[in-house]
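Architecture and fold: a report
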Amino acid sequence: SPTPPSPTPGDVCEVSCEEEFPKCVNFKGCESCLEELQTDGSMLVNRGECTAGCDPTMTMTDLCPTTTPPPPSPTPPSPTPPSPTPPSPTPPSPTPGDVCEVSCEEEFP
């Protein structure tokens, strides 16, 4: 089969690719689909007739912003552990078969 021309950087993805992209995202999530967009022969590239490595369209970047935030820096362990809160007294749970108190009976005539 003829090899498709290699994309030149700056090529925007095809409309068919743009239409297939949300289906991919629904199924696999942004990260996987953005990776597939770069991979020749991936399911997204094949189904959406995308040019591997094409630039996501506005619609695609709205769905999955391509500016990936920097990995979160590990938060240093807090020097003082939070003090454990004393357990709040739990009211005794009624045992099945307990009869309502008179006050309860008056609430539910």
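Residues numbered from 1 in each chain as written. Predicted model: local features only at pLDDT ≥ 70, side-chain atom pairs only at ≥ 80, totals over all residues. Heavy atoms only, no water.

Examining the overall build of the chain
Looking only at helices and strands, one finds five helices and zero strands in the chain. The secondary structure elements of the chain, listed N-terminal to C-terminal, are α-α-α-α-α. Taking as baseline every contact in the chain between residues at least 6 positions apart, the subset at least 24 positions apart corresponds to 54%. Accessible surface for the chain amounts to roughly 8,900 Å². Of this, 61% is attributable to carbon and sulfur atoms. (Helix = DSSP H or I, 4+ residues; strand = E, 2+ residues; numbered from the N terminus. Contact = heavy atoms within 4.5 Å. Areas by Shrake-Rupley, 256 points an atom, 1.4 Å probe, with all protein chains shown as cover.)

Here we look at the packing of helix H1 (residues 15-28) against helix H2 (residues 30-38)
Relative to each other, H1 and H2 sit at 140 degrees, their axes nearing to 8 Å. By the angle between their directions, the pair H1 and H2 is classed as oblique. Two packed elements cross with a definite hand, and for H1 against H2 that hand is right-handed. From H1, Cys17, Phe21, Cys24, Val25 and Lys28 reach across to H2, where they touch Cys30, Ser32, Cys33, Leu34, Glu36 and Leu37. Residue composition of the contact of H1 with H2, by class: eight nonpolar, one polar and two charged. (Axes fitted to C-alpha atoms, helices over the stretch in contact; angles between N-to-C directions. Parallel < 35°, antiparallel > 145°, perpendicular 65-115°, else oblique. Left-handed = near helix turned anticlockwise from the far one by under 90°. Nonpolar A, V, L, I, M, F, W, Y, C, P; charged D, E, K, R; others polar.)

A word on the state of the cysteines
Tallied over the full model, the rule gives four disulfides. Bridging cysteine 13 to cysteine 54, the disulfide has an S-S length of 1.9 Å. With the S-S bond torsion at 90 degrees, the cross-link from cysteine 13 to cysteine 54 turns out right-handed. Of this pair, cysteine 13 sits in the segment before H1 while cysteine 54 is found in the loop between helix H3 (43-47) and helix H4 (58-63), placing the two residues 41 residues apart along the sequence. (Disulfide = S-S within 2.5 Å.)

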